[in-house]
Amino acid sequence: ETKVLKSKDEEIEGLKKKILQEQQIVAHVQVTQEREIIEKEREISILNTILTKERQVLMEKEREIENLMISKFQDNDDDQHLSPPAPPRTKLSVLSPPAQSAFLTDT
């Protein structure tokens, strides 16, 4: 009977050690996962900052393009008001050779 009790006590102690080891493993895994989560949150924060800056640059470039297009449109509009319209072009090749020769002069 004493052997049985001693054997059971040893079994209980062994199980307690196993439980303690399992708890330590679980705690270690949890700490590792928490560290990984914190690191991922830092990476996300950095990427969000980069993305925000890139969006700002993109918006500035889009505004610059828009301003250039408006400026070009206004310049073209101003140019049209400053100079008279070009006369319509005619094809000289349509004229017959005698008609063309009337425009040629001997020098």
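Just so it is clear, the structure is predicted and the values come from calculations on it, not from any experiment.

J.: Just to check I follow, could you spell out the overall build of the chain for this structure?
T.: Across its full length, the chain holds 2 helices and 0 strands. Expressed as a percentage of its 107 residues, the buried residues of the chain come to 0%. Of the roughly 10,900 Å² of accessible surface on the chain, a fraction of 59% belongs to carbon and sulfur atoms.

J.: Before we go on, may I ask you to explain the pattern of salt bridges in this structure?
T.: Pairs can form between side chains of opposite charge whenever their charged atoms are close. Scanning the model with the defined rule gives 2 salt bridges in all. Here glutamate 13 makes a salt bridge to lysine 16, at a shortest N to O gap of 4.0 Å. Of the two residues, glutamate 13 and lysine 16 are both situated in helix 1 (residues 2-82); the distance of 3 residues between them amounts to about one turn of the helix. A salt bridge links arginine 42 to glutamate 39; the nearest nitrogen and oxygen atoms lie 3.3 Å apart. Linking arginine 42 with glutamate 39, this pair stays in helix 1, spanning 3 residues, or about one helical turn. Taking relative accessible area as the criterion, glutamate 39 reaches 36% and is therefore assigned partly exposed.

J.: Would you mind showing me how to read a nonpolar patch on the surface here?
T.: Nonpolar side chains collect at one region of the surface, where Ile46, Leu47 and Ile50 lie side by side and expose about 290 Å² of accessible area between them. Checked against the element boundaries, isoleucine 46 lands in helix 1.

Conventions we followed
Residues numbered from 1 in each chain as written. Predicted model: local features only at pLDDT ≥ 70, side-chain atom pairs only at ≥ 80, totals over all residues. Heavy atoms only, no water. Helix = DSSP H or I, 4+ residues; strand = E, 2+ residues; numbered from the N terminus. Buried < 20%, exposed > 50% of the residue type's maximum accessible area, 1.4 Å probe, protein only. Areas by Shrake-Rupley, 256 points an atom, 1.4 Å probe, with all protein chains shown as cover. Salt bridge = Lys/Arg side-chain N within 4 Å of Asp/Glu carboxyl O. Patch = residues over 30% accessible without salt bridge, like charges linked within 9 Å, V, L, I, M, F, W, Y side chains within 5 Å.

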